[in-house]
Amino acid sequence: MSEKLPKKGLSKEEILQKLKEYSVDDADPYSGKLFTIAFEPGIEELRDVAFEAMKMFAFKNMLDFTEFPSAIRMEKDVIDIAKSLMHGDEEVAGTFTFGGTESVFLAVKAARDRFLLSKGVITIPEIVMPVTGHPCYDKAAEYMGLRVKRVRVDEKSLTADVDAINEAITENTAMIVGSTPNWPFGTVDPIEDLAEIAVDKNIWLHVDACVGGFVLPFMKKLGAKIPDFDFRIEGVSSISLDPHKYAYAPIGASVVLFRKKFYKMFSQYANIRWPGYPIVNPAVLSSRSEALLAAAWAVLHFLGEEGYMELAGKLMSARSKIMKGLEEIGYKIMGDPTVIVAFTSEAVNLFRLCDEMAKRGWLFLPQKGITNMNIPPSVHLTITPIHDKVADLMISDLRSCTEAVKRIPPSEAEGLLDIFGTIFGMLAPGEMDLATLGKIFSELEKTVSVYGERILKTLGIEKGFPKEMALIYELLATLPPEIAELLANYVVIEVFSRGV
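Residues numbered from 1 in each chain as written. Predicted model: local features only at pLDDT ≥ 70, side-chain atom pairs only at ≥ 80, totals over all residues. Heavy atoms only, no water.

(A) Expanded view of the pattern of salt bridges. If you walk through the whole model with that rule in mind, you get 24 salt bridges. A salt bridge links E328 to R399, with the nearest nitrogen and oxygen atoms 3.9 Å apart. In this pair, E328 sits in helix 10 (residues 291-329) while R399 sits in helix 12 (residues 387-406), placing the two residues 71 residues apart along the sequence. Judged by its relative accessible area of 37%, R399 falls in the partly exposed class. (Salt bridge = Lys/Arg side-chain N within 4 Å of Asp/Glu carboxyl O. Helix = DSSP H or I, 4+ residues; strand = E, 2+ residues; numbered from the N terminus. Buried < 20%, exposed > 50% of the residue type's maximum accessible area, 1.4 Å probe, protein only.)

Here it is as structure tokens:
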């Protein structure tokens, strides 16, 4: 049933009650039981400060910073703090954005435009990066007409294979990327080695510190072995880092820094050609509420260096407890983790393990791996300071769930998934070009018209996402990526269309 605009407005009480009903199935981001995309320090007063700042600036628009110059002042402060953490000099310039993906878009645009202008000809610029790099680079490439070349990582350390990066570079390479750390495994790429390549071949090097930028510097001061990854290294052209991760600001806060102010020129958009007001957009979006900028500013100043040092200590303590527990249970830790820990096992169905833990309120991120690169399925744990209080309980539940999963027999639905996997797999050859992908898209449209509802029912999605997600992850893991992505898009469209 479709929702219509009510003829008569609802009262405040009715509105809040309806919103509470909508959120009844939401996970609690403050509980300490999420090891996913929630970055929780466990400080209630911090949330109060952030919410008050958001209320003060919610209806002020960053689009016209001449009308609301508070945006300029707050952004300068946030950028200056980020610059100091990344050891940037006075020439470094930056932009506040609404997320890591937007920051990456700006870095990619700057690298692309610099590359094309230096070439003087139109070509398809390339981004070369480890397979562990975030998908937002592929997304940026789709939007802006680049090609992404993902290469293998070192199988032991799960960090960028420098030789593989170097071998993949061509005359069309506009950018290379390293992560500090990467999202799947929390391992830090060898930025100094990548920077040597960047300098030697005059290629833009972007450091993706969206995860680690606001925490690794403090961990390093506490004795953690963190290699340099910032502007102290010649060859680093830009860095992205997110206050809404380990600076603990509300979601929708990121920063991108450029080594030179002129580099930032390539990232911005200006238009003085139309008959309206002059437009200069430092970020991708035009209209933006100042609320999230104000909240990020408030949280940074509320915690200060001492607060971030204390939280980094709690995070490191939680990580140690969790890694020790994982190894005692028999799981294998992947690489050398920083703030993210990933583990794997040949004896346990990790997708089912995540479901069993979810029944006890613990949310993990299952990862399918890449078979042809010898990266096995794994479980991702984002470690935050609040986990220091609950680590022992989580490990105790994990031990029990591990034994329970080992006793679960295969289900009939898993057999059906094998059939669906075979059907969809037949649609995809080994090599993909645009014509082939177009044919697959056409065939998939016919297939989902026949099997779509049955697939949704088999996965338990016809009435919304189920509590148990193992079957979904298993199906996506068995399909060719191109097919899995099309199918995932279909499922998400159906779920949002049904509003369940």
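Structure shown, so let's carry the discussion forward.
(B) Spatial organisation of the sheet that holds strand 12 (residues 365-367). What the four strands build is an open sheet, ordered 10-11-13-12; its pairing is antiparallel. Among the strands making up the open sheet, the edge pair consists of strand 10 (332-333) and strand 12. (Pairing = 2+ DSSP bridges.)

(C) Representation of the pairing of strand 7 (residues 254-258) within the structure. Within strand 7, five of the five residues are buried, which leaves the element mostly enclosed by the surrounding structure. Alternating positions in strand 7 separate into two faces, S254, V256 and F258 on one and V255 and L257 on the other, with burial throughout. With five bridges joining them, strand 1 (residues 93-97) and strand 7 adopt antiparallel strand pairing. Bridge pairing in strand 7 places A93 opposite F258. Two elements, strand 6 (residues 236-241) and strand 7, share four bridges in a ladder whose sense is antiparallel. Across the sheet, residue S240 finds its bridge partner in strand 7, namely V256.

(D) Molecular detail of the packing of aromatic side chains. As enumerated under the stated definition, the model contains 14 aromatic pairs in all. Considering the side-chain rings of Y248 and Y308, the 6.3 Å spacing of their centres and the 15° angle between planes classify their relative orientation as stacked. With Y248 in the loop between strand 6 and strand 7 and Y308 in helix 10, this residue pair connects regions lying 60 residues apart in the sequence. The residues Y248 and Y308 share a single accessibility class, namely buried. Pairing W274 with Y277 gives two aromatic rings, centres 5.4 Å apart and planes at 75°, and the pair type is edge-to-face. (Phe/Tyr/Trp six-rings, centres within 6.5 Å; stacked < 30°, edge-to-face > 60°.)

(E) Main features of the pairing of strand 11 (residues 340-344). Counting buried positions along strand 11 yields five of five residues, so the element is predominantly enclosed. Direction of pairing for strand 10 relative to strand 11: antiparallel, over a ladder of two bridges. Note on strand 11: the bridge partner recorded for K332 is T344. Linking two consecutive strands that pair antiparallel, namely strand 10 and strand 11, is a turn of six residues; a positive phi of about 70° is found at G335 within it. Relative to strand 13 (residues 378-382), strand 11 runs antiparallel, the two being bridged by four bridges.

(F) Spotlight on the packing of helix 3 (residues 70-85) against helix 10. Axis separation between helix 3 and helix 10 bottoms out at 10 Å; the angle between their running directions is 45°. In this view, helix 3 runs oblique relative to helix 10, as classed from their interaxial angle. Along this stretch, helix 3 crosses helix 10, giving a crossing that reads as left-handed. Of helix 10, the residues touching helix 3 (which contributes A71, M74, E75, D77, V78 and I81) are L293, A294, W297, L300 and H301. (Axes fitted to C-alpha atoms, helices over the stretch in contact; angles between N-to-C directions. Parallel < 35°, antiparallel > 145°, perpendicular 65-115°, else oblique. Left-handed = near helix turned anticlockwise from the far one by under 90°. Contact = heavy atoms within 4.5 Å.)

(G) Focus on the sheet that holds strand 5 (residues 204-208). One open sheet accounts for seven strands, arranged 1-7-6-5-4-2-3; its pairing is mixed. The sheet is open, and its two edges are formed by strand 1 and strand 3 (147-151), each paired on a single side. On average, each strand axis in the sheet is tilted by 20° relative to the strand beside it, whichever way the strands run. Inspection of the sheet shows strand 4 (residues 173-179) paired to strand 5 by five bridges, in the parallel sense. The residue bridging V177 from the neighbouring strand is H206, located in strand 5.

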